[in-house]
Each structure stands twice: as C-alpha cells, then as structure tokens.
Amino acid sequence: MLNQYCWIIPILPLIAFLIIIFGVYKSRILTACTSIGAVGIGFIYSLLLLFSSLSKHSKETAGLSQLNVNWIKVGDFHLDVGILVDPLSITMLLVVTSVSLLVQIYSHGYMKEDPGYSKFFSFLSLFTASMLGLVISTNLFQLYIFWELVGLCSYLLIGFWSYKESAAAASMKAFVVNRIGDCGLLLGILLFAFFTQNLWSETGFLSFLELKAVVQQLTSQDFLPVAGVISITTIALLMLLGPMAKSAQFPLHVWLPDAMEGPTPISALIHAATMVAAGVYLLARLFPIYEAAPIAMYTVAVIGAFTAIFSATIALSQNDIKKALAYSTCSQLGYMVMSVGLGAWVPAMFHLVTHAFFKALLFLGSGSVIHGCHHEQDMNNFGGLSKKMPITNATFLIGTIAIAGVPPLAGFWSKEQIIGASWTLGDFNWIFWIASITAGLTAFYMFRIYFKTFTGEYRGHAEAHESPFSITLPLLCLAVPSILIGFVGTHLNLLGGDQFAHYLNPHYHGHSLSLSKFIVELFTPQAIIPLSLSFAGIIAAYLVYFKKTLNINSFIKENLSVAHKISENKWYVDEIYSFLVVKIIMPLFNGFWFVIDKLLIDTIMVAGTTQVAKISGWSLSKVQSGQTQTYIAIFVLGFLVIGALCLIGAVFTEYKIDAALMMKALSLGKAKM
Amino acid sequence: MDFNSLKTIVDNNDILSVFPELCILLSMAFSLFISLSEKHSKNAWIVNTPLITLGLSFCILLFPQLESTESIYSFKGTYLTDSFSLLLKGLILLILLCLNFGTATFLENKDITSKGEFQFLILGASLGASFLVSTNDLVLLFIALETLSLSSIALVAYVKKDSLSGEAGIKYLLNGAIASACLIFAISLFYGIALGNTTFSAFPNMLLGKNGVLFNSVFPYIIFSLGMSLVVAAIAFKLSLAPFHLWSPDVYNGAALPSTAFLATVSKIAAFGIFCRLGWTLFASSADSFGIWCNIFALLAIASMFIGNFVGARQVFRSRGGSLKRLFAYSSVAQIGYIITGVVIGTDWTAGQSMFYLMMYVIVNLGAFLSLIKVENWFHKNDIKEINSDSLDAIKGLFKVKPKTTIFLTLCVGNLAAVFPSMLIAKLVLLDASIHASLKSIFPEGLVKAFNLGASNFAVTPQVSLTMAFMILFSSVIAIFYYVALIKKMFVDDPHSEVYEKAKLEKKGTTFSLSSTAINFACLVLFFSSIALSVYPEFWIGKVANPAAQSLLSSGKNDLITVLNESVARNKEQ
C-alpha cells in the first residue's frame, strides 16, 4: 500500500518547482515554504517506507515491490516505466530527502541576499525531483532519463551566478565532461538492449530485478559462450563511462573541482552528497553485469583506487577551502567505486550513506565560514575562527574526525569495511596499500583544513561573525548522523551486527562479532595499518599546522618542491587536456566538419532537398489556380482514374484477408451451378 | 431491468441512444431563441455549454461500459452505437465545447449583425457530424452528410461583408454539389444491387448476389466498380485527400477563423468516421473489395502527403509572407494522409493507432486555430492595419508580444510536426506497420517465411505500402521544415514595427472580459488534453483507441456472418 504510492515522493518537488516558477516566485517566504514542505513530506514518507520495510523484512518478504507499465509500444518493441521500492532505493530515498531538506533550510539563510533566491529554490526542487526519480527508477531506460535531468540541474546550478565568467565556464565544463560519460552510458544501454531484446518480460524491459537472470542467460547462451562474455565486457566498460563522469573518477574528474563555482549549498547537496553518488548507486544496481565480466570489474577497482590516491595528493596542497573539499570528495568516491570493483557493493553503499552526511556537514560548515567571513574562500585568510564561530567550529571538527576515520565516528566503520574488502584480493596486495595510504593522507589534509581555518591567529581583514540560526541548525542536525550513522553497519553484535548489510542484501552472510573479538580483530593487519596511518596523519597535521614545530613552507621549498608543484597544479591534467583538444582534436575534427558537415550535409543534402521542395511545390501549386472549373475537371479526372483502378482491381486482389470466407462463397456458387 | 447500467438503459430505449444529438438539438433551439434578442445574441455560447458538456459526459460514461465487440442497434437497425462511434462522438463534442468558448471572442470583434446564428450553424453542422459517425443506413448517411455540408457552406460564407468569404462559400457549394451528386448516385446503384435494402447489414448481399454467388457475371461487377469509385471520390472530397483537395485551401482562406477551425476538426472527424464505417463494413465483406478499397485509399494517402507538404512548404518560401490559413489547409491535407494510413493498412491495431493520431491531431489543430483567433482578436483590438492578421508576418516575434499564446501555439505546431512524443510515437507505429506490410516485396519469399517477416495479413499490397513508408519518412522531413519555420518566426524574428509599438502601449493591467476568459479556458482544456495524451500514450491507445478499432472491425464481421448463414440456409431450402 505504502509502496504503491511512493511515486508521490518525486512528484511533490516537481509540483513545487512548477508552483514556484508559475506562481509564487515573487514571495520569498512562500517559495521557501513550498520547496521545503515538498521535500519534508518526502522525507517523512521515506521514513515510513523504511519502517514498513523493516517490519516486513523479518517476515522474508524483503520489503520489495515494483510497479511496471508499458509506456510506449511500437510493434514488438516496448519501453516501460514504473517504480521499484527495495531496500537499496529506500536507503537512497532517505539520504536524498534528508540531505536535501537540510540543505534547503540552510539555503534559506545562505541565499537571503541573493536576487535569484526564487530561481535558486525552483532549481533545487527540480533537482530533488529528478534525483528522487532516479533512485526509484525501475529500469535502465527510465534511470537514464533522470540521469540526464540531474545533469541538467547540475549545469544550471553550477552556472547559477552566470554573470561570473568562471562560473559560466565551469558549468560548461561540467556539461561537456558529463556528455562524454553519458554518451558511453547510452551506448552501453543500447548495446545491452540490442543483445538482450527478447529476454525480458512483458513489462520489464531493462528492469533491474530481471537483470541477474538476463545476464546469466546472455553469458550462458548455447552458441559461443565466449562471445557472450566479450559482449558483456564491452557493455560493462561502456556503461562504466557514465558513473566515471558523474562520480568524478579519473580521467573524467576534472569538472568536479571547478563545479565549486556554484553556491555552497549546491556543492553540499549535488556535488558531495547525492548526485555524484548516483554513479556508485548505478554501479551497485548494475552489479550483476559487472559480476559476469571480471575484466570490467577489475577495471572499476583500478580506476577507483587510482582516483582515491590521486585526488588525495592534490587535496594536500589546495588553499581554496572548497576546492580542497572537492578533491576530498573525488577521493572518497574513489573508495566507493573501488569497493564495487572489489565485489563489495554493500560496503560501497554504506560508505555512500556515511559520506553523504559528513561531507554535506563539511561543505555546509565551509559555507558557514565563507558566509561569516564575507565570501572569502582562501584558507590563508582564515585562522582562529573557533572563538568567533563556536557552533561551526564544533560541527566542522566532528565532520573532520568522521572523515578521518577515527573510531567510533561514522567514517571509521565504512572505511574499515572497504579496506577490509580489499584484503580479499590477497594479503598485502597493492590496492590494500593504496587504500591505507589514502586513509592517512585523508586524515592529514582534513586536519590541515581544520587547523588552518579554526586555530591560530585570524589572518583575514573583514569582521568575522557566527552565522544565523537557519545556517547553524542544519549543521547541528547533520552532526548527529555524522557521529551515529556508522553504528547501523558495524560488525559489533552489541549493536545488532551488520544490520545494514542484511537489510540491503538478505543473502549476505556477514560475521557479527562480540566486543572482545572485535577488539582482537582490530589488531589484525588489515585493520591496524589503515587506522595507525590515519592517526599518523592527524598527528602530522597537528605538529605542522597547530604546534608549528616544522616550518612547512621552507621545508617544501628545500625538499619537496617538485612534488608540491605537481600537487598544486593538479598533476597538470587540465593543461594536458587543453593541449590535446587544441593541438590534436580540433584540427582533426575541423577537417571532418568541412568534408562531412559543410560539403556533404549542408551543400548537397540540405540545399538539395530545399531545391527539390521548392521546385515541386511551385509546379504543383500551378494547379491551384482559383478557378472552380479547373478543380472540377481534376475531380472528374481523379474519379476516372479511380474507376479504372477499381475495374482492373485484380492487380490488388492477390492478398486475401479472409480466404476461408471467399472459399465458402465460391463453393456456394458452384453448388448452384 | 437493471437501471444501474447506462448500457442497459440505452439498449432498451431508442430515444436515449441519440442522447448526445438531442443535447445538440436542444442547444440549437436555445441559440436560435437567443439570437432573437439583439443584446444577448452573442452570449449564446453560455447556454450551449452545459448541454454540450452533458452530451460529452454521456459519451464518456457509456464508453467503458461497452465491450469492444459489442454494438447497440436502434431505430430498426439504422442507427448504431459502439465504441468507435462513441469515441468519435466524444471527440466531436469536446471540440465543439472548446470551439464554443472560442467563438465568443470572434463574435465580439467582427461586425456581424446576427450573432446567435453562428452558434446555431456550428451546432447544426455538428449534429450532422454526430449522426454521421454512427449511421448504419445509406439514407441516414446521406441526410447526415447533407446536414453537415449545408451548414458548413453557410458557415464559410458567414462574413457577408468579406468578398473572400463569399467566394469561398460559392466554391465550396459548387464542389460540394458534385461530391453529393456522386454519393447519391452511388447510393442509388447500391440500392439496386442490394435488392432494395438500405442498411449496411444488407451489403454482403450486394456482393454475394441473390444466391450468394460472388459476381457471377460481368455486369454487376461493373456496376459495383462504378459505385465504389463514386463513393471513394465523394469521401475523398470530404476528407480533402489529393487530388480531391483543391477546394480546401481556397475555402479555408476565405472563411472566418472559427469556421476554418470547424472544417479542419469536426468535419474531418465525421468524414473519417464514415470513411472507416463504409470501408470496414461495406467493402470489407469480401477480401477482394476490401483490398481494392484499401489500396486505392493508400494511393490517395501517398498523393496527399506529397502534395500537402510540398505545396504547404511553399507558403513559407513566399516573399511577401504566405497565408497562415492556407498553410494549415495544406497541412491538414497532409495530416489526413497520415491519419488514414493506419486504416488502409488493414489491421485493427494499426487502425487503433490511426484513431490515436486523429485524437491528438484534432486537439492540437484546434489549439493552433484558437491561438490564431486570439492573435486576430488582438490585431483587431489594437487596430493594426499595416499587416494582415492572416499573413505569416503577423506571427513574427509573437513571443515578445503575447508570450503565453506563443508557447501554446508552439506546443500545437510542434505536435503537428511530430517532434513531440505522442504524435511522434503514433507516426512511428504507422511507419513500422507499413514497413512490415512491405517486407514481402523487399525480401525473397523464403526469407520472409523463415524469419516470420510481415507475418500478419495486410490488406495493402507490399509495393504500395513500401511507397507509403518512404512517403511518410520523406514528407515528414518537409513538414518539419515549415512547422519549425513557424516556430522560428515566433521566437527568433523581430515583430513588425507597428505591432511592437502597439504592444508597448498596451496597458499592463488586464480588464476582465468574459469572452477572453472563455477562450483562455478552452486553450487550457486543450493544453491539458494534449499533455494527458502525450504523457502516457499507451493508456489511450490500449484502453480507448484499440477497442474502438476492434468494434469497427467486429461490427462488419458480425453482419457478414449473419448474412452468410442466412444465404446458406436459403440454399439448403432450395
């Protein structure tokens, strides 16, 4: 019952969007109420869904329901739409609605002075609607529609201050990079649909629930099982491009740091908590495909691992607080992608949930700092804000500890599970080492941000002040899950033991541990190495940026100038891209453009068709003389032609509609004779 | 008697089966009565509204109660109520309702003395149209068609002071007279062959002869061919299929906008109804005659798509700006070609697609005309003399002058061009079907059998349907050109200087006016109808259009089977 109507959740923000742009955009308070109210109802509905599915869960019904209908039917081909409510989508619904609700409350304070206040809220509502539609989509085709819609909203919101040249450029960059990924995803979906056309049920074309059975059928087809594996690998690799662009994985990560040109609430909602995680969500949904294609799966793991450490090294040297957090987001998304690639999609989803809360908290905290310091983003101009902004300071510190992986805060539990999963590839394998080192780097750069911003002397010029209540309230609200949310997925049987994994995957056989065993487990190498590296990172940051025992600037100049330069310039990826585009791709495609577009299409096809249309239209219109006698003459002529055709109708009659009836009639005639 | 079901009531009362027509008749009486009063005559639409709504709700309520294979006969079998007639009747009434709202604005502006009679004529024509879609008898067919035609002629010639209007009326009258003559001659021939019967049910008799023999001599075959070609010419004239379309650009051009809107929608629905009914009951009684009928109309459809779109595109090329009404006339010639495609392919599911296409077409077409009425009204109110409100220049830069109307018009025109989903899907299905029907001519027979290509029985021959598929593709491209040219004119071009000046002078605060509220309401109704059809097309095709098409097919089949049984029995007696 509750499940059947869950399409209400995405519809409400869509209605709010329409109400705002067509109705109440003149009143700020009504705009905020409409938008926040819509997503608030969605949040409550999602909570109800969660409780109902939890109570059903124990009765082995798995809280699963789907509703599919044919949308378009052309001959044998059909496209379907519907809703799918299962633990995975309920989890995502909760994450999206809760973060979106808090961010919208926050935006009310943050955007108060902005002239585009109502526009901002309407876009936020549209984004929320698309993102919620994405997570309850029942098949790949429907997901792709919403995938594009969230991309559009992201574009609109990055370029929200489009009068700033950098913002306009950043939105364009995000759009173009995402096109590359979406193109791959679309090709993958089309190829998959082509190979599996006849394997789906009547209303379940490309649906997620049938995915596993269909992939098995595809790979185990009687003719050439090898070909099935090759095609599924191709499909998986093409589809990977979509999550790579959306979740900012190397080498398509370049748009995410630039996307910080958008307003800070957007960075928190879209570019940290929800939309960028959609890639991970899609990978989790498509897990059966990757399971059947080991090469593609390994590629996923490698890309994730590389992105994790690569972005972490860049985050070490960024001075813009939002850019540093953006690279941190890339790195954490790398963890999740890596985890899916290792076959552990449940820990990936777990990290997605915890990360959504503490990263939203960190971004909103940074927004509070930026707001309090009058739109200053450079960390060199912060310092000593802990006294001036006590609430922001406390909540930001909680977020920092959570992401650094200090037990028992949220980040620790999920990160530990991912690193534990990497152990499955073999003891002390290279992915494990990369993940562990990244954990250390994460702790270091996050505390670097914290110390540089909140401790020491204030280095800025403008008068800093604490933000208003509508900004600090979401911070306080987000601090709670940042501390506690990790406990839902812990192995500790004190707290239920692997609740989250069991919820997502009823067939999951986890190992819940008692407290004493858990402590013993903590001292196995796969747990103690990343943990101690994290603490080392924290201590190093403490010594360098708080105690200042080491003069960091001169130290870098003497020993690490090359490495620092590479890190500060983001490994020169942007420069390499612009070189490739300007020097190689543009000249090549200019040639293509001239031959194909200019000569073939424009000159021959377009102009040719116009001429044909012009000439035939002109000659046909000569008949239209306005003289009734001409019209009647043509009428009679037409009638004569039709009469002739009727008389020699035998040319048409070789095709019988009702042959039996004809035979009957003929036999009746013979009987008479 | 079970009074809970509307169906049972209708089944038992002949009078109730013509309930929608009674509603129209009653509102005709009211509008005639109101037109006596000089002061109130322009408000006849207010009285008509509840009655038309009543008729519409009758159709909507009865539709789901009928099985798709069920038909209710009344008035001694001359009048037929089934899903098909209910669907078309519902469409007619919906269009009539919106047109009713739209005419109020038109009547306010023109210098017309007797305003109530305009409503009266529209209602009268609709009455004919409404009878036409559920007629089961040749005499009723002729009377209904004449009711429709004569009222339409008066409508076209309504603006007496406009010489173009009078010219159009005369042209329509002369051309229409020939078509009517053709039809009545054909009816007399059929009456002769069918041995004095006029109901459609008697027609299998006509084909099978007195003793159930199919054309046992040459003479009846010639008579039959003559009758058939006369009927085809008459119906093609009503549908304005090429080459019988020549009257339509002139008549559309001369008539006032609401009359043109009527001709392009209600008249088309009625003609489509009688076209399907005759084809699928009368000529479908033997495979041969059905094949001939389908193929001939397929050829006409191909010609219509070609001529309609190419000559229509010419309006845009014209240096001094073509006429909008002429453009829509040619567009309707082409569109009717698309609409009948599904019917002439000859299977019930393609006919269902055709009906969906028709539903969408009349809604967006009326929407386009109502927008044009609004534009004309605005021109009239602001006394703009330099450009004619009918020329293509009039809508230049319309977005800067009337943004809401422009967006609505864009929606309608975009749908006509089939670039928006619902009509695109309908067109895609028709294309798919015609390609399937033509597969036999492309692939060798062995391959067709092996891969089950073109497995269904299509009435149309492969060669014709191949041409049709190509023509759908090719002419759609040309069509998109001129429809998008309209959209480009509205959004990209700058408005005419005089229009722009007047628009700037216009007061911001709008005064309330009943007639403009009415036309806006009509636009809103059409807007939501087209959105509802676009968002979930499969529902409308599966639940509304396909049952209607099936009922059409089954009513023909049922008749044939009864007649065959009768003739078998008669043979045994002998």
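Residues numbered from 1 in each chain as written. Chains lettered and ligands numbered in written order. Predicted model: local features only at pLDDT ≥ 70, side-chain atom pairs only at ≥ 80, totals over all residues. Heavy atoms only, no water.

1. Points about the overall build of chain B
This is how it is decided: Going along the chain from the N terminus, every DSSP run of H or I of four or more residues is numbered as a helix, and every run of E of two or more is numbered as a strand. The rule is simple: take the accessible area with a 1.4 Å probe, protein chains only, and divide by the maximum for that residue type; under 20% is buried, over 50% is exposed, in between is partly exposed. Any two residues having at least one pair of non-hydrogen atoms within 4.5 Å are treated as being in contact. Computed with a 1.4 Å probe, the accessible areas rest on the Shrake-Rupley method; for each residue, only the protein chains presented here act as cover.
Counting secondary structure elements, chain B contains 24 helices and two strands. In chain B, which comprises 574 residues, the share counted as buried stands at 63%. Of all intrachain contacts in chain B linking residues separated by at least 6 positions in sequence, the fraction that spans at least 24 positions is 80%. Looking at chain B as shown, the accessible area adds up to about 20600 Å², and 65% of this sits on carbon and sulfur atoms.

2. Concerning the overall build of chain A
Put simply, the rule is: Positive charges come from Lys and Arg alone, negative charges from Asp and Glu alone, with His and the N- and C-terminal ends not counted. Think of each charge as sitting on NZ of Lys, CZ of Arg, CG of Asp or CD of Glu.
A count of helices and strands for chain A gives 28 helices and two strands. Based on the C-alpha atoms only, the size of chain A along its principal axes is roughly 115 × 60 × 50 Å. Counting the 673 residues in chain A, one finds 55% classified as buried. Summarising the internal contacts of chain A: among those between residues at least 6 apart in sequence, 77% fall at separations of at least 24. A distance of 5 Å separates the average location of the 36 positive side-chain charges in chain A from that of its 33 negative side-chain charges.

3. Observations regarding the pattern of salt bridges
All names here are of chain B. The condition is simple: When a carboxyl oxygen of Asp or Glu lies within 4 Å of a side-chain nitrogen of Lys or Arg, that pair is called a salt bridge.
Tallying each qualifying case throughout the model produces 14 salt bridges over all chains. For the salt bridge of D494 with K400, the shortest nitrogen-to-oxygen distance reads 3.0 Å. Placement of the pair is D494 in the loop between α21 (462-491) and α22 (497-505) and K400 in helix α17 (residues 398-401), with a sequence separation of 94 residues. Accessibility expressed as a relative area gives 45% for K400, which makes it partly exposed. Connected through shared salt-bridge partners, E167, K171, D250 and R326 make up one network.

4. Focus on unusual backbone geometry
Across the chain, the bulk of peptide bonds are trans and the bulk of non-glycine residues have phi less than zero. Put simply, A:F250 and A:P251 share a cis peptide bond, and its omega is 5°. Checked against the element boundaries, A:P251 lands in the loop between α8 (225-246) and α9 (255-258). Here B:A242 and B:P243 are connected by a cis peptide whose omega angle stands at 5°. Of note, B:P243 is situated in the loop between α10 (218-239) and α11 (247-254).

5. Overview of the nonpolar core
If you look at soluble globular proteins, the nonpolar side chains tend to sit buried side by side. Definition in use: Buried Ala, Val, Leu, Ile, Met, Phe, Trp, Tyr and Cys residues form a nonpolar core when they are joined through side-chain atoms within 4.5 Å.
If you look at the biggest cluster of nonpolar residues, it comprises 195 residues, and the most contacted ones within it are B:L239, B:F272, B:F275, B:W293, B:F297 and B:M355. Counting residues in each nonpolar core, the second largest holds 183 residues, with A:I20, A:V74, A:M275 and A:Y450 among its members.

6. Remarks on the confidence of the model for chain A
The test is simple: pLDDT expresses how confident the predictor is about each individual residue, on a scale running from 0 to 100.
Here chain A shows a mean pLDDT of 84. Residues at 70 or above account for 92%. Considering only residues more than four positions removed or in separate chains, one finds that residues 654-673 of chain A, a stretch of pLDDT under 50, has 29 contacts.

7. Overview of the packing of aromatic side chains
Short version of the rule: Ring pairs are drawn from Phe, Tyr and Trp, using the six-membered ring of Trp, whenever the two centres fall within 6.5 Å, and their geometry is named by plane angle: stacked under 30 degrees, edge-to-face over 60, tilted for the rest. As a reminder, the over-ring test applies to NZ of lysine and CZ of arginine, requiring each to be within 6 Å of the ring centre and within 35 degrees of the ring normal.
Overall, the coordinates contain 55 aromatic pairs over all chains when judged by the stated rule. Measuring from centroid to centroid gives 5.4 Å for B:F527 and B:F528, while their planes differ by 75°, and the two rings are edge-to-face. When its relative accessible area of 28% is taken as the criterion, B:F527 is described as partly exposed. In this structure an aromatic cluster arises from ring pairing among A:F396, A:F447, A:Y450, A:F451, A:F454, A:Y542 and A:F546. Above the face of the A:F175 ring, A:R179 is positioned so that its terminal group lies 4.6 Å from the ring centre. Positioned over the ring face of B:Y338 is B:K427, at 4.2 Å from the centre of the ring.

8. Quick notes on the pairing of strand β1 (residues 65-74) of chain A
Quick reminder of the rule: Two strands are said to pair when DSSP picks up at least two bridges between them.
Examined bridge by bridge, β1(A) and strand β2 (residues 77-85) of chain A share nine bridges and lie antiparallel to one another. In the sheet register, A:I72 faces β2(A), and the bridge partner there is A:L79.

9. Details of helix α27 (residues 628-647) of chain A
All names here are of chain A. Applicable threshold: In this analysis, the expected span of each helix is defined as 1.5 Å times one less than the number of residues it contains. To be clear, the arc concerns the directions from the helix axis to the C-beta atoms.
When the terminal C-alpha atoms of α27 are compared, their 29 Å separation across 20 residues agrees well with the 28 Å that a helix rising 1.5 Å per residue should span. Among all positions in α27, only T628, Y631, F635, G638, F639, I642, G643 and C646 are buried. Projected onto a plane normal to the axis of α27, the buried residues spread over an arc of 140° and lie on a single side. Those residues of α27 that are exposed and angled more than 90 degrees off the buried face are Q629, L637 and L640.

10. Focus on the side chain of A:S331
Residue and element names in this part refer to chain A. Following the sequence through the fold, S331 ends up in helix α14 (residues 321-341). For S331, a relative accessible area of 0% gives the class buried. In contact with S331, not counting residues within four places along its chain, are T307, A308, S311, A312, T438 and Y445.

11. Here's the deal with the packing of helix α6 (residues 116-133) of chain B against helix α7 (residues 138-156) of chain B
All names here are of chain B. Basically, it comes down to this: Angular values range over 0 to 180 degrees, each being the angle between N-to-C directions of two axes fitted as lines to C-alpha atoms, with helices fitted over their stretch in contact. These descriptions rest on fixed angle ranges, namely under 35 degrees for roughly parallel, over 145 for roughly antiparallel, 65 to 115 for roughly perpendicular, and the rest for oblique. Here is the rule for handedness: rotate from the far helix to the near one, and if that takes an anticlockwise turn smaller than a right angle the crossing is left-handed, while a clockwise turn gives right-handed.
Running from amino to carboxyl end, α6 crosses α7 at an angle of 155°, the nearest separation of the two axes being 8 Å. Comparing their axes, α7 and α6 come out roughly antiparallel. Classified by chirality, the crossing of α7 by α6 is left-handed. Two secondary-structure elements touch here, α6 through F118, L121, I122, G124, A125, G128, A129, F131 and L132 and α7 through L141, A144, L145, T147, L148, S151, S152, A154 and L155.

12. A word on the pairing of β2(A)
Burial of β2(A) is extensive: eight of the nine residues sit out of reach of the surface. Joining the antiparallel neighbours β1(A) and β2(A) is a turn of two residues, in which A:G75 adopts a positive phi near 60°.

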